[in-house]
Amino acid sequence: MSASPRRRLTIAKAMSEALAHEMARDPRVLVMGEDIARLGGVFGTTQGLLARFGPERVRDTPISETAFIGAAVGLAAAGMKPVVELMFVDFFGVCMDSIYNLAAKQSYFSGGHVTCPLVLMTSVGGGYGDGGQHSQCLYATFAHLPGMKVVIPSSSHDAKGLLLAAIRDPNPVVFMYHKALQGMGWLGTIPRSITHVPEEDFVVPIGKAAVVREGDDVTLVGWGVGVHHALDSAEMLAAEGIGAEVLDLRTLAPLDRESILRSVRKTGRLVVIDDDYRSCGVAAEVIASVCETRDLVLHAAPSRVTFPDVPIPFAPEMERPLLPDAGKVVSATRAQF
Amino acid sequence: MTDVEIPAEIVDEGAEGAISVWLFRDGETVVAGDVLAEVMNEKAAAELVAPASGRLTILVQAESPVRRGQVVARID
């Protein structure tokens, strides 16, 4: 037990701890993916698991997402609880049939008789010059498809709690983790994402957003790294006398519309931060959900701070200006007053 | 005042490691036994533990190379 609030873990360590915790508790849980066993995950998500649980439950796979994610969907149908890592969300294309035609629909097609307790862990986000096929977010691509839940933590505390909730969910959960928060030195890490993580068992419920800063004048909605842009901009806005409330969605599907509406009813203004492509994104869905609520009065038209509708450039000097940041959130907010 | 050194068991003699991430921020109060940082050595990650309690002053930033015995922080 750790009563002390100073057990600081990176998101990478918190994820590894959640996996170890659940593997020890439930013999049906196993982990597969590229470089997840001997290396402990390119993003550090599976550290120490091979030594503790052995190669039968912790498997390095060939570079064939089609094969190992397909295998995982079958394992889940047969009663196991596989956690698979798709190292970069960008490579979903080769295994999407297994994900959205098999895993996502299994429970519906079988009348609820066969569930698919699969967790797909995948890294998202750019900002470190890794090119257009290693830097995408694709939140909306996954959140659009019914039958799958999609979660993304902004802190190590939520990473452990959401991953435990994801593994225990009877249906497929896509667990996204943002590279800018992962705690791997080579990616840089926003220090605020490194938080106290209880050693004991706890879950962060799927489908529940959290107010991470209270304010009365504007609601800033973010998730993953966007929460940190929102918190940075809230600090800057406070100096101008604008009280920003920051809402961390934590789950993208199902969307916690109740929490979004509760906050926007109070503030009357909305800015959404989304580092995925602009059109048809989660930000658009959040704004639409607010705008279609009849009895809700807005003081200004809502806005979104997003990545534009272009493939992500490789050159850092071209990529960086396109990404959302706190300055852009402040500008978008000011324009509403 | 206590120096926080890279202990012998986490970086080999003559080898170079790197602080991958500080888990506490400059100026924060730490307690002896807190894990202060993760240190990469070759391919393994090791933990740097606070030898004393007090206010942390970071002397070597994350992503910087470190050697065995090097003072990377101070606790006052």
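All values derive from a computational prediction rather than experimental measurement.

Examining the overall build of chain A
Stage number 1. Scanning chain A from terminus to terminus reveals twelve helices and 14 strands.
Stage number 2. The globule rule puts the C-alpha radius of gyration for 337 residues at 20 Å, and the 19 Å found for chain A is close to it.
Stage number 3. Overall size of chain A, expressed as C-alpha extent along the three principal axes, is 60 × 45 × 45 Å.
Stage number 4. Looking at chain A residue by residue over its 337 residues, the buried ones come to 53%.
Stage number 5. Within chain A, counting contacts between residues at least 6 apart in sequence, those at least 24 apart form 78% of the total.

Here we look at the interface of chain A and chain B
Stage number 1. At the interface, ten residues of chain A touch 14 residues of chain B.
Stage number 2. In terms of residue class, the side of chain A that touches chain B is made up of three nonpolar, five polar and two charged.

Overview of the sheet that holds strand β14 (residues 303-307) of chain A
Residues and elements named next belong to chain A.
Stage number 1. Across the sheet, five strands lie side by side as β9-β11-β10-β13-β14; this open sheet has mixed pairing. On the outer flanks of this sheet lie β9 (210-213) and β14, each paired with one strand and no other. Neighbour-to-neighbour, the strand axes of the sheet open up by a mean angle of 25°, direction not taken into account.
Stage number 2. For strand β13 (residues 270-277) and β14, the ladder comprises five bridges, and the chain directions are parallel. The partner of I273 across the bridge, within β14, is V305.
Stage number 3. On top of the sheet, helix α8 (residues 225-238) reaches β9, β10 (218-222), β11 (244-248) and β13; it is set at about 170° to β11, its chief contact.
Stage number 4. Where helix α10 (residues 282-291) meets the sheet, it contacts β10, β13 and β14, and its direction lies at approximately 155° from that of β13.

Digging into the pairing of β13(A)
All names here are of chain A.
Stage number 1. Most of β13 is tucked away, with eight of its eight residues classed as buried.
Stage number 2. Pairing of β10 with β13, which is carried by three bridges, proceeds in the parallel orientation. Its bridge partner being in β13, T219 is matched across the sheet by L270.

Looking at the confidence of the model for chain B
Residue and element names in this part refer to chain B.
Stage number 1. Across chain B, the average pLDDT comes to 91, with 99% of residues at or above 70.
Stage number 2. Within chain B, no element has a lower average pLDDT than strand β5 (residues 44-49), which sits at 86, and none a higher one than strand β8 (residues 71-75), at 97.
Stage number 3. At the level of chain-chain contacts, confidence expressed as ipTM amounts to 0.86, with global pTM at 0.95.

The rules behind these values
Residues numbered from 1 in each chain as written. Chains lettered and ligands numbered in written order. Predicted model: local features only at pLDDT ≥ 70, side-chain atom pairs only at ≥ 80, totals over all residues. Helix = DSSP H or I, 4+ residues; strand = E, 2+ residues; numbered from the N terminus. Rg over C-alpha atoms; globule rule 2.2 N^0.38 Å. Buried ≥ 20, exposed ≤ 12 C-beta atoms within 10 Å, placed from the backbone. Contact = placed C-beta atoms within 7 Å. Nonpolar A, V, L, I, M, F, W, Y, C, P; charged D, E, K, R; others polar. Pairing = 2+ DSSP bridges. Axes fitted to C-alpha atoms, helices over the stretch in contact; angles between N-to-C directions. pLDDT = per-residue confidence, 0-100.

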